[in-house]
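The primary structure of each chain is shown beneath.
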Amino acid sequence: MKAAVVTFPGSNCDRDLAVAFAAAGFDVTRVWHKESGLPAGLDVVGLPGGFSFGDHLRCGAIAARAPIMAAVAGFARSGGHVLGICNGFQVLCEAGLLPGALMRNAGLRFVCRPERLVVATADSPFTHPWAAGTQVDIPVAHHDGNYRADADTLARLRDEDRIAFRYAGNPNGSADDIAGVLSENRRVLGMMPHPERAADARLGGTDGAVVFRALAAALATV
Amino acid sequence: MSEPDTPARAHAAPPEPEITDALIAEHGLTPEEYARILRLLNRPPSFTELGIFSAMWNEHCSYKSSRKWLRTLHTTGPQVICGPGENAGVVDIGDGPDGAKLAVVFKMESHNHPSFIEPTQGAATGVGGILRDVFTMGARPIAAMNALSFGRPEHPRTPHLLRGVVEGIGGYGNCFGVPNVGGELRFHESYDGNCLVNAFAAGIARADAIFYSAASGVGMPVVYLGAKTGRDGVGGATMASAEFGEGTEEKRPTVQVGDPFTEKRLLEACLELMETGAVISIQDMGAAGLTCSAVEMGDKGGLGIRLDLDRVPCREAGMSAYEMMLSESQERMLMVLRPEREAEARAIFDKWDLDFAVVGETIPEDRFLILHQGRTMADLPLRALSGEAPEYDRPWVETPAPAPLPDLPDLPPLSALTTLITSPNHAHKGWVWEQYDTQVGADTLRTPGQGAGIVRVHGTDKALAFTADVTPRYVRANPRMGGRQAMAEAYRNLCAVGAQPLAATDNLNFGNPEKPEIMGQLVGAIEGIGEAARALDMPIVSGNVSLYNETDGHAILPTPTIGAVGLLAHLDDVIPAAPGAGMVALLIGAPGTHLGQSALVLEAWGIEGGDAPDVDLGQEARHGAFVRDNRALIGAATDLSDGGLALAAFEMAAAGGVGVTLETATMTELFGEDQARYLVACSFDQAEALMVAGHAAGVPVSHVGRFGGDTVSLGGDSAPLADLVALWRGALAARFA
């Protein structure tokens, strides 16, 4: 299985994401944002955390218009899997591949801490090993993780079971405690918490590794 | 490039100002120092030249008051690859994943004056500067810490400074992508008018790929890299070498503005370029920017430097030579490059959208030649700028013995503990750390708040432990013991997590060295630090001195912050922080006796009396080795410092989520701050074995209580752990959030 991890200028979790993909059995290729195409035979694209383009303008706004993103959008529309974490989630929203937007945290401060999440759906390639309602521990680290969408969009996300994770204790003011959402075809996941930081028992937890292993298992049976 | 013969002041348009006594004084130069310049040049300096001398000869860059004493420090050892004098210290940490030898590169540096004037940008650029010092040497930063000292919490300025500094540190480090793994936060009225921001960074490099600042080869291109030069920070290093008083607010424009996004790209571009082998030498532009970095490269390489300022990438039009030479714009580097590799180097900087400009070349003669618009703006003997910098043997006096500790009123042990854990100095600091990214890099094994921070060396089974320590009230009472104690506490914090202490960096923050009593504090503290460095085999490999930390004549507490690094040869060597229910509490070291200058007497009664605790360095070394050697018998450990046994036991209990019972009710045993001590938690069988081992090694090991249940009980006086933890965790946020 092949994964590509995109690096934008200012990405700083790109290596961490590549390590987590590799630990779940993926061959990982690193892709520079100025490239216009993705490697052939790819199974998943990862958009990492960090501060792409220094969070200038709006978080993820400039990265969403980088040359590589046209290829990522094409890949997603043709049924490819995409995982955007933290800044990667912001990029996916700015690129229109996921609905909604990530605003400044309600407390107006950066928040980095372990966070308890509730798995909101098991119906996705990223969450299928869990039962809906399972509580998992995956840390957050962001300044702009306050998920916002209009009422119709939120209702649609709920109706279509596209909320992947909710916060057990909301750290940032997100609407409906949303920590991660899925695309219509359920193959694009954006989430603010960092599963790649909870993928090693020595770092304090392995719940995050489930996301990567789940994807590997789902791809193996596609 | 044409070379006009003399500094062309007369032809300059606009003309440079005349050199007057007032202008000399504004540049922080004394009449004697100016006379020295006249002797060196045999002519009056131009305005630009005066600025260059001022930048090179101020306290911040020249260490003129401290150099004599810094030379006495212990700085060598088999583990030391590079000691003081470069951008950061370099220490061997053994083999990496591919068999190549690895090194840790680290340093701590202050950004006190800028942070007091403009807390967010001052602190941010402090973080940026120390990160640059580390990656300039070819190391990828893997850990950061910050030691912060503020005035009284109730002082009107303190909340603004604290919030701003924390925001600045987080804003810069989080975006750059380095995990914050520890530090210190204290409040004391002596910092009311002069906060301290000491930033530490450490990185990992291959030991055979360390980059130094010494230029080599004549006619080599001098390349400017990174962000453009603006007028920010002009005169910053001179500002940082003066006391504060009325009018400090007007100095805001001398504070630089940080851009962590540019710094992150600069990091990646520099490391990528270093991989190609194109770099001969490199120096970051920190204090006194282009001046200091160019002189450093030339001086160390025994070469001269010619700079053509017309080629310097500028942010604003019409900048003068003086401004360009003294600008402290951030995120800039100077490099000497192999000429045949220029195109390759330029391509890497283009990739990262950073400026790359050849701005000069190395020349054979001892000359610092600055050209601008076809005119020679400075023509100075280069070596003299650093080599001939003044050095002072300032008069100093021994610090008198402190007043004895008065008789203390009675206080029930739990009331005493509650006073400590709800004081801003000893409350839980989560409100601060949660604003820092502590896990980026996905190698952080221990986040802040549990003794030393621990970061895995990526791709290996090794880890490094980091700690920052000093107890300023000890240093004021007894500078030599206080200096020893800062080192000893750092040593203990490393041993308590199972690490072998490797080396340290010192960040010496003091008042005005022209006052003999302040100079006496500096001399005493350096003596104590030096003794400890030798006895504990923890050489000082880098450091920074910040003097003139005074406002309206009031000096800060002497604050020689020690940043130290230890090695865990295997991840399994880490001693946990959290005890389990049913574990026995053992004290390593003698029962407490000493309440002089303790946290308890200060927080409970506002008393700063008595002598600092005695630091027996032989005992520190023995007890530290005992903990490390017996790590397999230890379930959890912490060192004893502020607040003694009681505070250590409470913090361990909180970490483990289990109650604790200490049998003694004696105040000295509970809250005494005697040194060379650890509290460890063990299973019953381990405890017996550890006591036997202690007996054999001549190290006192005694049973002091047990972990378990859900209360904290001190000599029979008890309260629910959950209630105390809530008080402890909420105290800082309640005041500042």
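Heads up: the structure comes first, above all this text.
Residues numbered from 1 in each chain as written. Chains lettered and ligands numbered in written order. Predicted model: local features only at pLDDT ≥ 70, side-chain atom pairs only at ≥ 80, totals over all residues. Heavy atoms only, no water.

Caption draft 1: Representation of the pattern of salt bridges within the structure. A complete count under the given rule lists 59 salt bridges over all chains for this structure. A single salt-bridge network, built from bridges that share partners, covers A:Arg15, A:Asp16, A:Asp200, B:Asp443 and B:Arg456. (Salt bridge = Lys/Arg side-chain N within 4 Å of Asp/Glu carboxyl O.)

Caption draft 2: Looking closely at the side chain of B:Ser115. Residues and elements named next belong to chain B. Within the secondary structure, serine 115 sits in helix α6 (residues 112–117). Here serine 115 falls in the buried class, since its relative accessible area comes to 0%. Within the structure, serine 115 has its side chain in polar contact with the backbone nitrogen of alanine 123 (distance 3.3 Å). Not counting residues within four places of it along the chain, the set of residues in contact with serine 115 comprises Gly122, Ala123, Leu161, Val165, Cys195 and Val197. (Helix = DSSP H or I, 4+ residues; strand = E, 2+ residues; numbered from the N terminus. Buried < 20%, exposed > 50% of the residue type's maximum accessible area, 1.4 Å probe, protein only. Polar contact = N/O pair within 3.5 Å; in protein donor to acceptor, adjacent residues only side chain to side chain. Contact = heavy atoms within 4.5 Å.)

Caption draft 3: Broad picture of the nonpolar core. A:Phe8, A:Phe21, A:Phe26, A:Leu47, A:Val82 and A:Phe165 are the most contacted members of the largest nonpolar core, which has 70 residues in total. The element that contributes the greatest number of residues to this core is helix α2 (residues 67–77) of chain A, accounting for seven residues. Here A:Val82 is in contact with A:Val44, A:Val45, A:Leu47, A:Val72, A:Phe75, A:Ala76, A:Leu92, A:Phe126, A:Arg187, A:Val188 and A:Leu189, once residues within four sequence places are set aside. Among the nonpolar cores identified, the runner-up in size contains 64 residues, and B:Leu161, B:Ala205, B:Val223 and B:Ala269 belong to it. (Core = buried A, V, L, I, M, F, W, Y, C linked by side-chain atoms within 4.5 Å.)

Caption draft 4: View of the environment of B:Ser293. All names here are of chain B. By the element assignment, serine 293 lies in helix α11 (residues 289–301). A C-alpha to C-alpha distance of 49 Å links serine 293 and phenylalanine 671, two positions 378 residues apart in sequence. Not counting the four nearest positions on each side in its chain, serine 293 is found in contact with Gln283, Asp284, Met285 and Leu334. Within the local environment of serine 293, its side chain forms a polar contact with the backbone oxygen of glycine 289, the two atoms lying 3.0 Å apart.

Caption draft 5: Focus on the sheet that holds strand β2 (residues 89–95) of chain B. Residues and elements named next belong to chain B. Taken in spatial order, the six strands line up as β1-β2-β3-β6-β4-β5 in an open sheet, and their pairing is mixed. Each edge of the open sheet is held by one strand with a lone partner, namely β1 (80–82) and β5 (180–187). The sheet shows a mean angle of 25° between the axes of neighbouring strands, taken without regard to direction. Bridge count for strand β4 (residues 140–150) against strand β6 (residues 196–206) is nine bridges, and the pairing is antiparallel. If you follow proline 141 over to β6, its bridge partner there is glycine 203. Contacting β3 (101–110), β4 and β6, helix α7 (residues 119–135) runs over the sheet at an angle of about 25° to β6. (Pairing = 2+ DSSP bridges. Axes fitted to C-alpha atoms, helices over the stretch in contact; angles between N-to-C directions.)

Caption draft 6: Representation of the interface of chain B and chain A in the model. At the interface, 33 residues of chain B touch 26 residues of chain A. Surface buried jointly by chain B and chain A totals about 2400 Å² across both partners, of which 56% is contributed by carbon and sulfur atoms. For chain B, the biggest contributors to the area lost against chain A are B:Phe261, B:Glu434 and B:Gln439; these three give 24% of the whole. Taken together, chain B and chain A are joined by six salt bridges. The residue B:Asp572 makes a salt bridge to A:Arg202 at a minimum N-O spacing of 2.9 Å. At the boundary of chain B and chain A, one finds 12 residue pairs in polar contact (both at pLDDT 80 or more). Secondary structure elements with two or more residues in the side of chain B that touches chain A: α8 (158–176), α10 (260–276), α13 (342–351) and β14 (444–446) of chain B. Here the residues of the side of chain B that touches chain A sort into 12 nonpolar, nine polar and 12 charged. (Buried area = accessible area lost by both parts, 1.4 Å probe. Nonpolar A, V, L, I, M, F, W, Y, C, P; charged D, E, K, R; others polar.)

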